[in-house]
Amino acid sequence: SSRGSRDTSPESASSDLGLADASAMDREDLCTDTHCLGLSLLNVALESGGDEIARSDELICVIQDDICKSLLQNSRTDSLSVLSLNLRAIFNLFLHFKRHLKVQLEIFFTSVHLKIAALDTASYEQREIALESLLEFCREPELMLELYENYDCDFRCTDLFQTLVKFLVTSSFPSDGVQGVRGGFNALHRLALSGLLSILHSMALRCEGHRHFRSEEAAKPEALTPVSSVETELQRKREQKRRLALAARTFNGEPSKSMSALQSLGLVSSPPTPESMAEFLRHTPALDLRVVGEYLAKRHDFNGQVRKAFMDLFPFTGLGVVEALRMLLSSFRLPGEAQLIERLVEDFAGAYYVKQPPVLDGLGGGGADSGAEGVKPQDPRKMQRWVPREKQPDETVDGANSSGSPGSGGGPEDAAGEAPLRVKMANSDTIFVLSYSIIMLNTDLHSAKVTKKMTDAEFIRNNRGIDDGKDVAPFFLRDVYEAIRDEEIRLHGDAPVEGGDIENVVDDFFWEGILRRSESIDEFSTTERLLSETPPGASERDMLQVIMDCAPMPTLSLCYESVPDVAVAAQAMVGFQDLAKLSAYFDQSESVNGLVRVMCQYFIKFSSGGVLSAKSQIALRAAQKCAMQHVLLLREAEWRVVLEVLLQLWALDLLPPHLTELDDFAGADGRPLKSLAELRPPFPRPDEVPHAQPGGGGAPGEAAPGAPLL
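Bear in mind the structure is a predicted one, so any value in this text is a computation, not a measurement.

Thresholds applied
- Residues numbered from 1 in each chain as written.
- Predicted model: local features only at pLDDT ≥ 70, side-chain atom pairs only at ≥ 80, totals over all residues.
- Heavy atoms only, no water.
- Helix = DSSP H or I, 4+ residues; strand = E, 2+ residues; numbered from the N terminus.
- Expected span 1.5 Å × (residues − 1).
- Buried < 20%, exposed > 50% of the residue type's maximum accessible area, 1.4 Å probe, protein only.
- Core = buried A, V, L, I, M, F, W, Y, C linked by side-chain atoms within 4.5 Å.
- Contact = heavy atoms within 4.5 Å.
- Polar contact = N/O pair within 3.5 Å; in protein donor to acceptor, adjacent residues only side chain to side chain.
- pLDDT = per-residue confidence, 0-100.
- Patch = residues over 30% accessible without salt bridge, like charges linked within 9 Å, V, L, I, M, F, W, Y side chains within 5 Å.
- Areas by Shrake-Rupley, 256 points an atom, 1.4 Å probe, with all protein chains shown as cover.
- Salt bridge = Lys/Arg side-chain N within 4 Å of Asp/Glu carboxyl O.
- Lys, Arg positive; Asp, Glu negative; His and termini not counted.
- Charge placed at Lys NZ, Arg CZ, Asp CG, Glu CD.
- Pairing = 2+ DSSP bridges.

Now for helix α27 (residues 614-629). Along its 16 residues, α27 runs 23 Å from first to last C-alpha, staying within 8% of the 22 Å computed at 1.5 Å per residue. Turning to α27, its buried residues number three or more, namely Ala614, Lys615, Ser616, Gln617, Ile618, Ala619, Leu620, Ala622, Ala623, Cys626 and Ala627.

Shown next as structure tokens:
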């Protein structure tokens, strides 16, 4: 019923569940409680019986469609309870149903978790809940590896692992500093830092656990061959994704000058052919659909040949005209100029028409003599053909004449008592005029600027005589009208972009696109090998490279230097240690040396005043561990920094006597030789510093010289 008129019938009174007399606040609270109850029951079902549910194809379909769509819609809520339960349900879906939800889980990550966590307009509590959920994901080592292998190595998917790491790195420290006007370092930054360190630590533990695995065992063919083949395939996919992304950026920037780059990337043949260029435009992700449409519609001869080859790539056989147009217009954005639209529609009409079955019973059939000597073969676009209706009656699907074999002389309408399934058309010009008319009808019915909408009778009248002077069957045109009226032909470019407002994302058009994409994409591949028993390989090395490309070291340095909380400094230093372990495992000595140098310099910096602060003790412990673990990788420059650390410890009077008290070298006369080097501490020795007054406290977190290290 409308909002303006209130229905007081007994039926309506009984269907409002007793909410008619309740206040708006009470109704809202009841709806929230209902959502929480439903989500709680869903979580109980997933957590207790997820593995059993995953064995039912019927329940999998429900989860892929209805449940995932509802969870995406529920993420728009202002209720913290609903949001928390909603994110918990998404995590449970990851654990039990990821093999069947590859596209849906990508949408959840990008449009729910990362979006809410990074949204300035979201409340502090909402962002905290989203970050807590992300932290739960980051603590699953297998899941991080699977994210990389399934999304970052698939050219049809987002670089989900890279996106997650980049977000965590940028969110681990406030952009305006610890004393910034936006609140400084808070729990949100702490959660993001914990997520980043969880990823690093789980990878470092695996590397540390396999540092000493025997080379002869690793060299066994039966042990390495399966893993090696999988890693080779992932590297190939990753390289393919890199090339496609580079090609898409090049083409989107300047299509007319991109041909040489596309050829060098191996995506277009050399010399270029219309077929190879059409394949590139049809199957390359991340292309600007507006640019694709303009390129296809250009007048140049090569563009025209590409346009025809592009149309031939679509499986139009057996499709209605409206359905075929929907398929075509999802691959590019229609230009606004009428002349450009005309070229595209004309070639579509020809490609669509020749893929429909010919009529072989009359003058337009092109019979057996059409190829005989002296008889010119007929243009396939000028032959009479059967064009399917938009609506196929269910009762005739299994009938003898329902499909109408392409070679039959009569159509399905010849069978008495059966609804016709297709109509005869004279040539492709009919499809051309009809397609143009469909595009205008689509604008008329679904544009907010048009107040007086076209009726089906007007549409039929506007298309009189388009079939070589004859009228197309009214029932056929009525089907076309109803198909457009019930569902707008929407271009891909009209869909909400990634990162757009969630309120506008979850509509039927968007969700149908998700379901179509999930049908065409590879299934989520799970990690079959036990990570604790398998040495890290090429995937982990590439994951480390992704992490290093996101520049975590400056963020860790800021957390260590600028955040007053010593616990955060200790976390940051653990991050440095884990990066060093990963780099050493993959023989990246440059990174190891840089990390050891940073740790040593931090000790020198935070103990330069003659006082051993808590942060300097943290840095010293980390530097000592790294230097001992990776001693064979250290270069001369890093050994000099290590000696500077020893000098600093000597100045602090923290070195044991056997390192500081050595016998002097004596000459022949027994007198000590003069030293060629005079070591001076960078600050007065402790015995030269005046004693502090009793009760005088040092700075918080600082220890007196000679105090035991942490």
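With that settled, consider the nonpolar core. Counting residues in hydrophobic clusters, the biggest one holds 114 residues, and the most contacted among them are Leu93, Phe108, Phe109, Phe161, Leu164, Ile199 and Met573. Looking at this core element by element, the count peaks at 11 residues for helix α9 (residues 187-209). Contacts of Leu164, omitting those with residues within four sequence positions, involve Phe109, Leu114, Leu134, Cys138, Met144, Leu147 and Ile199. In this structure, Leu319, Val321, Ala324 and Leu325 belong to the second largest nonpolar core, which totals 62 residues.

Once that is clear, we can look at the side chain of Thr77. Its place among the elements puts Thr77 in the loop between α3 (57-74) and α4 (80-97). The exposure class of Thr77 is buried, given its relative accessible area of 19%. Side-chain polar atoms of Thr77 contact the backbone nitrogen of Ser79, separated by 3.0 Å. Setting aside chain neighbours within four positions, we find Thr77 in contact with Val82, Leu83 and Gln126.

With respect to the secondary-structure elements, Gln588 resides in the loop between α25 (566-585) and α26 (589-606). Once the C-alpha coordinates of Gln588 and Leu633 are considered, the two residues, 45 residues apart in sequence, prove to be 9.0 Å apart. Among all residues touching Gln588, those that are not within four sequence positions of it are Arg541, Leu544 and Ser583.

To continue, consider the confidence of the model for the protein. Per-residue pLDDT for the protein has a mean of 81; in total, 78% of the residues score no lower than 70. Of all secondary-structure elements in the protein, the lowest mean pLDDT belongs to helix α10 (residues 215-218), at 39, while helix α15 (residues 301-311) reaches the highest, 96. Within the model, pLDDT remains below 50 along residues 691-710, and this stretch shows 24 contacts once partners closer than five positions in the same chain are excluded.

This brings us to the side chain of Ser75. Mapped onto the secondary structure, Ser75 falls in the loop between α3 and α4. Taking relative accessible area as the criterion, Ser75 reaches 5% and is therefore assigned buried. Separated by 2.5 Å, the side chain of Ser75 and the backbone oxygen of Leu72 make a polar contact.

Glancing now at a negative patch on the surface. Judged by side-chain charge, Asp26, Glu28, Asp29, Asp33 and Asp78 come together as a negatively charged surface patch. Inspection of the secondary structure assignment puts Asp29 in helix α2 (residues 24-53).

So, about the pattern of salt bridges. On inspection of all chains with the given rule, the structure shows 30 salt bridges. Close ionic contact of Glu52 with Arg55 constitutes a salt bridge, the shortest N to O distance being 3.1 Å. Residue Glu52 shares its accessibility class with Arg55, and that shared class is exposed. The shortest N-O distance in the salt bridge between Asp288 and Arg290 comes to 3.5 Å. You can call Arg290 partly exposed: its relative accessible area is 42%.

Further remarks concern the pairing of strand β1 (residues 385-388). With burial as the criterion, each face of β1 is covered, one bearing Arg385 and Val387 and the other bearing Trp386 and Pro388. Across 4 bridges, the pairing between β1 and strand β2 (residues 422-425) is antiparallel. If you follow Pro388 over to β2, its bridge partner there is Arg422.

Moving on, we get to helix α17 (residues 338-354). Helical geometry: 3.6 residues make up each α-helical turn, so side chains three or four residues apart lie on a common side. A rise of 1.5 Å per residue sets the reference length of α17, with its 17 residues, at 24 Å; its end C-alpha atoms lie 24 Å apart and thus fit the reference within 8%. Of all 17 residues in α17, 12 are buried, a share of seventy percent or more. Within α17 the residues assigned to the buried category are Leu340, Ile341, Arg343, Leu344, Val345, Asp347, Phe348, Ala349, Gly350, Ala351, Tyr352 and Tyr353. Here the buried face of α17 lies against α14 (289-296), α15, α16 (321-329), β1, β2 and α18 (428-446).

Looking now at a nonpolar patch on the surface. Together, Val631, Leu632 and Trp639 make up an exposed nonpolar region whose accessible area comes to about 330 Å². Mapping Leu632 onto the fold places it in the loop between α27 and α28 (636-651). Under the relative-accessibility criterion, Leu632 is labelled exposed at 82%.

Along the chain, Cys153 falls in the loop between α7 (141-152) and α8 (160-171). Cys153 gets classed as buried once you look at its relative accessible area, which sits at 2%. In the structure, Cys153 is positioned 83 residues away from Arg236 in sequence and 8.5 Å away in space, judged by C-alpha atoms. Those residues in contact with Cys153 that sit more than four places away from it in its chain are Tyr148, Leu234, Lys237 and Arg238.

In this structure, the amide linkage connecting Ser270 to the following residue, Pro271, adopts the cis form with an omega of 0°. A positive phi angle is found at Ala286, which is not glycine, with a value near 70°. Here Ala286 lies in the loop between α13 (274-283) and α14. Unlike most non-glycine residues, Ala551 shows phi in positive territory, near 55°. Looking at Ala551, the relative accessible area reads 37%, which means it is partly exposed.

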